[in-house]
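What the coordinates show
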Amino acid sequence: MKNIRNFSIIAHIDHGKTTLSDRLIQKCNGLTKREMFNQVLDSMDLERERGITIKAQSVTLKYIDKNKKIFFLNFIDTPGHVNFSHEVFRSLSACEGVLLVIDTTQGIEAQTIAHCNYAQKLNLTILPVLNKIDLPNSNPKKVLEDIKNIIKIPIQDAVQCSAKTGQGISELLKKIVQIIPQPSGNVQNSLQALIIDSWFDKYFGIVSLIRIKNGSLKKKDKILIIRTKKIYIIENLGIFTPKRMPKDKLYNGEVGWIIFGSKKIDTTLVGETITSYKNPSNTLLPKFKKIKPKIYAGLFPFEPKKYILFRDALNKLKLNDISLFTEPDNSKILGFGFRCGFLGLLHMEIVQSRLEREYNIKVISTAPTVIYEILLKNNQILLLDNPSKFPKLDTIKEIREPLAICHILTPIKYVGEIIKICIQKRGTQQKIIYHDTCVSMSYIIPLSEIILDFFDQLKTISSGYASLEYKFKKFKKSDLVKIDILINHIKIDSLSMIQHKKNALKNSKKIIEVIKKIMPRHQFNIPIQASISNTIIARTTIKQLRKNVIEKCYGGDISRKKKLLKQQKKGKKKMKQIGNVNIPQEVFFSIFQMN
Ligand code: GTP
């Protein structure tokens, strides 16, 4: 039987995951830096040449220990571009262990704790890896203390290393095979394999990354997706080294790719269990929790004739993005499109940029909103993800907004300022715990206040040190109103927003001023108005064009919000003609520029 170790890496952004993975590949597969570079470059060229996206999401490494014993290490990366919890969860469910990589110049971050909790729930072996010890300000001792006190896992196996210089990497490999358990399962049992990831390849059709729990799989095998009862024939299979290497067979415990003999995408495969058609198992492997989107926005193809292409592209993206929700939408102003649900702003940004880069489809997006729960007078409950569909006021009994529980981890000196913004965001404190050098606090804050710029503000006031993890808690009754925006007397449905009553007037004034700044002048005066239930509550006017050119009033910034805006700005030529006025894309994002 092969000696196998399946593991994944948990790390906060920039703590060194990529560098460490490269280092492990280099060390085990005997690649020189140059070869490594060429290898990566090769596959990128291939991608470019064929216009396809093949990405090694797992690598099988061959490790020989000092007794000449051979181990196959399957290192499963969190797929692609996303650094979301559910992506991490997906990779973790195919592993027996994780490397918890922590930058010893930075320490533990809130997100790291959340990911560790997942790993603990899945009963995985967690191996702490203290990285960047080559740096003068590295403080492994403090990080070890924090791991013990905050994450509460044993530290006796922790490895100190530098992914950059290679120091400690041999020790790390030794520890991996020593403490991460051999996968269980039996080759004699009927096939059970979990689809960890799945993507569409123009030439091969659907490709999936799988982890075999029981049994084995070979070319031409007829397989069955247990839940959907769909049947496929395996056209080819193999492993990534990181190149795609075909194999004759894959066995229990192994991680590899399979090519289904199908180009038809009619379902999301990620999380499904595969079995053999001839000798099927009935038992589903634990499926990943489907995470509900947290924010919703309308996406509309900039060129309406690309609607069908746009729809197909979204379907392809959904193959490996189980959290992307789509539903046909129709805006009076922007035409046919999709209402899409995302996990957060970063997710939304990624989907938009993939549509543009991979499918050449430019989209206009409306500002994101959270989902509201509306109790109608007839006692029906309506889940509202689109403010333009807000029901008539006299039919509403109660409006409830989503609240999130936020866990913030920060160095002590920023606590005061952070409490201030939490209060500003209508937060209520739940818990605050002082550790040696940092503080962990929990607040309940309306989700709508978090999604726009809370994270950015947190990073700004803490010079980047505070970290945030949040999750939906419950819906709570709140004093909310719908604000409509009219440009040149036309109600722009995609600009409607839901706001707390307390902030309604202030924010209405802000948003019309923002729109005024962004909109080009025309040959005539353009009124911009904000209204609640058809009563105008704020108004401004864009004066008709005289000689001067249009002003541009936005500046760059490092934050995510600003980056999004910048992207929108790039599409500045995107002007939508509505009535006899031209509205630039940024107007639909004006809510971001209110602060
Ligand atoms: P994301 O891909 O953004 O999630 O980041 P990551 O966690 O993969 O981090 P990455 O490997 O890209 O490393 C971030 C930065 O830290 C890079 O500039 C690396 O060169 C540097 N770095 C990583 N490991 C070490 C180390 O051991 N020592 C030093 N000095 N720098 C390191």
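Computed from a prediction, not measured in an experiment: that's the story for all the values here.

A count of helices and strands for the protein chain gives 13 helices and 32 strands. Burial analysis of the protein chain (595 residues in total) assigns 57% to the buried set. Total accessible area on the protein chain is roughly 27600 Å²; 51% of this is exposed by carbon and sulfur atoms.

With that out of the way, let us pick up helix α1 (residues 17–28). Here α1 is 12 residues long and its end C-alpha atoms lie 16 Å apart, about the 16 Å a rise of 1.5 Å per residue gives. Along α1, the positions that sit buried rather than exposed are K17, L20, S21, R23, L24, I25, Q26 and C28.

Closest axis-to-axis distance for the α1/helix α6 (residues 169–179) pair is 11 Å, and the angle between their directions is 85 degrees. What the angle tells us is that α1 and α6 run roughly perpendicular. Of the residues in α6, those in contact with L20, R23, L24, K27 and C28 of α1 are I169, S170, L172 and L173. In the contact of α1 with α6, the residues fall into six nonpolar, one polar and two charged.

What follows deals with the sheet that holds strand β16 (residues 295–301). Within a sheet, neighbouring strands are paired by backbone hydrogen bonds and run either parallel or antiparallel to one another. In spatial order, the strands read β17-β18-β16-β19; together these four strands make up an open sheet with antiparallel pairing. Both edges of this open sheet fall to β17 (325–331) and β19 (363–365), since each of them pairs with a single strand only. Pairs of neighbouring strands in the sheet enclose a mean axial angle of 35 degrees, with direction left out of account. In this structure, β16 lies alongside β19, joined through three bridges in antiparallel fashion. Each residue of the ladder has a partner; that of L299, found in β19, is S365. Helix α8 (residues 345–359) contacts β16, β18 (335–342) and β19 of the sheet and is inclined by roughly 15 degrees relative to β16.

Attention now goes to the UniProt feature "binding site: GTP" (unreviewed entry) in the protein chain. Feature annotation in UniProt assigns "binding site: GTP" (unreviewed entry) to the following positions: D14, H15, G16, K17, T18, T19, N131, K132, I133 and D134. Mapped onto the elements of the fold, H15 is located in the loop between β1 (3–11) and α1. Setting aside its immediate chain neighbours within four residues, H15 contacts V101, I102, D103, Q106, G107, E109, N131 and K132. At a separation of 3.1 Å, a polar atom in the side chain of H15 contacts the main-chain amide nitrogen of D103. If you trace the backbone, K17 turns up in helix α1.

Taken residue by residue, a regular strand's side chains alternate between the two faces of the sheet. Summarising burial for strand β22 (residues 396–411): 13 of the 16 residues are buried, a large majority. Where β22 meets strand β24 (residues 438–446), nine bridges bridge the pair, whose relative direction is antiparallel. In the strand pairing of β24, T410 is matched with V439.

About the thresholds
- Residues numbered from 1 in each chain as written.
- Predicted model: local features only at pLDDT ≥ 70, side-chain atom pairs only at ≥ 80, totals over all residues.
- Heavy atoms only, no water.
- Helix = DSSP H or I, 4+ residues; strand = E, 2+ residues; numbered from the N terminus.
- Buried < 20%, exposed > 50% of the residue type's maximum accessible area, 1.4 Å probe, protein only.
- Areas by Shrake-Rupley, 256 points an atom, 1.4 Å probe, with all protein chains shown as cover.
- Expected span 1.5 Å × (residues − 1).
- Axes fitted to C-alpha atoms, helices over the stretch in contact; angles between N-to-C directions.
- Parallel < 35°, antiparallel > 145°, perpendicular 65-115°, else oblique.
- Contact = heavy atoms within 4.5 Å.
- Nonpolar A, V, L, I, M, F, W, Y, C, P; charged D, E, K, R; others polar.
- Pairing = 2+ DSSP bridges.
- UniProt positions renumbered as here; feature names shortened; annotations may be inferred.
- Polar contact = N/O pair within 3.5 Å; in protein donor to acceptor, adjacent residues only side chain to side chain.

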